[in-house]
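Next come the chains, spelled out residue by residue.
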Amino acid sequence: SAFNLVSTSKVLEKKKLETVNKVILGGEALLAKHLNVWKRAMPQIMYVNLYGPTEVTVDCTYYIIDKEYSDEEAVPIGVACENKEVLLLDENLKEVLDGEPGEICVRGTGLAKGYYNDFGKTNNVFIQNPLNPYYPDIIYKTGDIGIKNKDGLIVFQARKDGQIKHMGYRIELGEIERAVNSFEKINSAICFYDEFNKKIVCTYEGDAEDIEIIKHIQNIVPK
């Protein structure tokens, strides 16, 4: 959030952070739009994108950003940290092929034992590794959907509960959010599904008119 606020404040147009040599980010999805503002101002800095929930001691993947991304592209979360393994599994707990979406599951050092005094929730997401039938080997199901790109890097797509079915289509709300957030006139945006009215709702902060947003995203997401 702080990284994004510095970006939208335009302070980097006036002041460079001359003593900073690394910027390491985690906790929220990194938007390429904000990253690009920083990189234009200070291209010499090493930027690192981290990913991981609390249940795996915060970080389980990392990506030292080594290429350019357009504002509407998703910045990868990278590869597994040392002593961690990340699996992408389908609904039947089978590994997905590269390029196919799957739930991000984690094993290795740093994995929590479970939730205190909540065995039901623990047993639901801390499960035996379905790829290892030989000995106890617990993995954590994050509830996040990821995909491995052609460079072998994992890209976060959306929360599992952020996928909806609307008018017969499966839709990733996170994909719409990313498209809206890539618009230069938008500071931040979030999408949710209004179950009662059967509508996808986008709430945003910025100077854009609705019609401008629609025009911006029409070539990024399906109609």
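Please refer to the structure placed before this passage.
Predicted model, so just to flag it, every value in this text is computed and none were measured.

**Overview of the pattern of salt bridges**
By the definition in use, this model includes nine salt bridges. Of the charged contacts, one joins Glu 103 and Lys 160 as a salt bridge, the two residues approaching to 3.1 Å between their closest N and O atoms. Of the two residues, Glu 103 sits in strand β6 (residues 102-108) while Lys 160 sits in the loop between β9 (154-159) and β10 (163-166), which places them 57 residues apart along the sequence. The buried category is assigned to Glu 103, whose relative accessible area is 8%. Close ionic contact of Glu 195 with Lys 198 constitutes a salt bridge, the shortest N to O distance being 3.4 Å.

**A closer look at unusual backbone geometry**
For Leu 93, which is not glycine, the phi dihedral falls at a positive 60°. Along the polypeptide, Leu 93 turns up in the loop between β5 (84-89) and β6. For Leu 93, a relative accessible area of 27% puts it in the partly exposed group. The phi torsion at Asn 117 lies on the positive side, around 60°, for a residue other than glycine. Tracing the chain through its elements places Asn 117 in the loop between β6 and α3 (119-125).

**Quick notes on a nonpolar patch on the surface**
A cluster of nonpolar side chains, contributed by Met 46, Tyr 62, Ile 64 and Val 79, occupies part of the molecular surface with about 310 Å² of accessible area. Residue placement: Met 46 occurs in strand β2 (residues 46-51). Overall, the relative accessible area of 35% leaves Met 46 in the partly exposed class.

**Considerations on the packing of aromatic side chains**
One pass over the full model with this rule turns up five aromatic pairs. Measuring from ring centre to ring centre gives 5.7 Å for Tyr 115 and Phe 126, while their planes differ by 70°; the resulting arrangement is edge-to-face. Here Phe 126 lies in strand β7 (residues 126-128) and Tyr 115 lies in the loop between β6 and α3, a separation of 11 residues in the sequence. The exposure class assigned to Phe 126 is buried, which follows from its relative accessible area of 7%. Their ring planes at 40° and their centres at 4.9 Å tell us that Phe 126 and Tyr 140 sit as a pair that is tilted. Taken together, the residues Phe 126 in strand β7 and Tyr 140 in strand β8 (residues 138-148) connect sequence positions 14 residues apart. Comparing Phe 126 with Tyr 140 shows no difference in burial state: the two are buried. Site record: aromatic cluster; members linked through ring pairs are Tyr 115, Phe 126 and Tyr 140.

**Some thoughts on the nonpolar core**
With 17 residues, the main nonpolar core has Phe 3, Tyr 47 and Ile 65 as its most contacted residues. Residue assignment for this core shows that the elements contributing at least two residues are β1 (22-25) and α2 (32-41). At four residues, the largest contribution of residues to this core is made by α2. Among residues more than four places away in sequence, those in contact with Tyr 47 are Phe 3, Val 23, Leu 35, Trp 38, Lys 39, Met 42, Tyr 63, Ile 64 and Ile 65. Formed by 15 residues, the second largest nonpolar core is a distinct cluster that contains Ile 164, Ala 179, Val 180 and Ile 186.

**Quick word on the side chain of Asn 132**
As for its position among the elements, Asn 132 is in the loop between β7 and β8. Taking relative accessible area as the criterion, Asn 132 reaches 7% and is therefore assigned buried. A distance of 3.1 Å separates polar atoms of two side chains, one belonging to Asn 132 and the other to Asp 137.

The rules we used
Throughout, a residue's number is its position along its own chain's written sequence, starting from 1. Local features in this predicted model are restricted to residues of pLDDT 70 or higher, and side-chain atom pairs are both shown and tallied only at a pLDDT of 80 or more, whereas totals for entire chains, interfaces and linings draw on every residue. By convention in this description, side-chain values take in all heavy atoms of the structure and omit both hydrogens and water. Note on definitions: salt bridges are taken to be side-chain nitrogens of Lys or Arg within 4 Å of carboxyl oxygens of Asp or Glu. Comment: elements are numbered from the N terminus, with helices defined as DSSP H or I runs of at least four residues and strands as E runs of at least two. The buried label applies to any residue whose accessible area, calculated with a 1.4 Å probe on protein chains only, is under 20% of its type's maximum; exposed applies above 50%, and partly exposed to all values in between. What makes a patch is a set of residues exposed beyond 30% relative accessible area and free of salt bridges, joined within 9 Å when like-charged and within 5 Å when nonpolar (Val, Leu, Ile, Met, Phe, Trp, Tyr). Accessible areas in this description were obtained via Shrake-Rupley with a 1.4 Å probe; residue shielding takes into account the shown protein chains only. To pair, rings of Phe, Tyr and Trp, with the six-membered ring standing in for Trp, must have centres within 6.5 Å; the planes then decide the type, stacked if under 30 degrees apart, edge-to-face if over 60, and tilted in the middle. Buried Ala, Val, Leu, Ile, Met, Phe, Trp, Tyr and Cys residues form a nonpolar core when they are joined through side-chain atoms within 4.5 Å. Between two residues, a contact is recorded if the distance between any of their heavy atoms is within 4.5 Å. Polar contacts, as used here, are pairs of N or O atoms within 3.5 Å; protein pairs need one atom able to donate a hydrogen and one able to accept it. Residues neighboring in sequence count only if both atoms are side-chain atoms.

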